[in-house]
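# Architecture at a glance
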Amino acid sequence: MSKVSGSCLCGSVRFEVERSYLSAVNCYCGMCRRAHGGSYSTHIAMRREQFKLVAGELRVFTSSREGRREFCQFCGSHVLVHGQTADNSVAVPAGLFEQGAPIEVNAHIFVKDKVAWQSIDDSMPQHDGWPPGIVATHTD
Ligand SMILES: [Zn+2]
Ligand SMILES: [Zn+2]
């Protein structure tokens, strides 16, 4: 199993993920939009034990009843999203990974919350909420 590494903007938070392939989604929900400041967030869901913090410290923000977001205490880079799905997976923003990481985006999710000024011009599947097969822990 190969390791892929990533870091925050200032470099104090560094992490490794033991995966040979990283499957990502573009999420258009309002919480991701505000957390990242862009029209959508590209992130990768994984089991918590696959994510290993190598250096630095994370601060926690409780973003909804079930959701927690962890970010770098110095530069504010968003590093982990917890509690969104019933299987206790975490999501890691794809942009934090090193160049050349084996990331493939394969769906658009929460498309019903997409801002009007962002268009989708590819043929990947679009879902109004979670992709089929994922059980969400919250509805707010
Ligand atoms: Zn940082
Ligand atoms: Zn989202």
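It should be noted that the structure appears before, not after, this text.
Predicted model, so just to flag it, every value in this text is computed and none were measured.

### Quick look at the environment of Gly6
Within the element layout of this structure, Gly6 appears in strand β1 (residues 3-7). Gly6 sits in the buried class, given 22 other C-beta atoms within 10 Å. Residues Gly6 and Arg69, spaced 63 residues apart in sequence, show a C-alpha to C-alpha distance of 17 Å. Apart from residues lying up to four places away in sequence, Gly6 is in contact with Phe15, Leu96, Phe97 and Glu98.

### Observations concerning the pairing of β1
Where β1 and strand β2 (residues 14-18) come together, five bridges link them in antiparallel fashion. Note that in β2 the partner of Lys3 across the bridge is Glu18. Between the antiparallel neighbours β1 and β2 lie six residues, among them Gly11 with a positive phi of about 90°.

### A look at the nonpolar core
Across soluble globular proteins, you tend to see nonpolar side chains buried next to one another. In terms of nonpolar packing, the biggest core is built from 22 residues, with Cys27, Val79, Leu80, Val90 and Val92 touching the most fellow members. Listing elements by their share of this core, those giving two or more residues are β3 (22-27), β8 (78-82) and β9 (89-93). Contacts of Val92, omitting those with residues within four sequence positions, involve His43, Ile44, Met46, Phe51, Val79 and Leu80.

Rules and cut-offs
Residues numbered from 1 in each chain as written. Chains lettered and ligands numbered in written order. Predicted model: local features only at pLDDT ≥ 70, side-chain atom pairs only at ≥ 80, totals over all residues. Helix = DSSP H or I, 4+ residues; strand = E, 2+ residues; numbered from the N terminus. Buried ≥ 20, exposed ≤ 12 C-beta atoms within 10 Å, placed from the backbone. Contact = placed C-beta atoms within 7 Å. Pairing = 2+ DSSP bridges. Core = buried A, V, L, I, M, F, W, Y, C linked by C-beta atoms within 7 Å.

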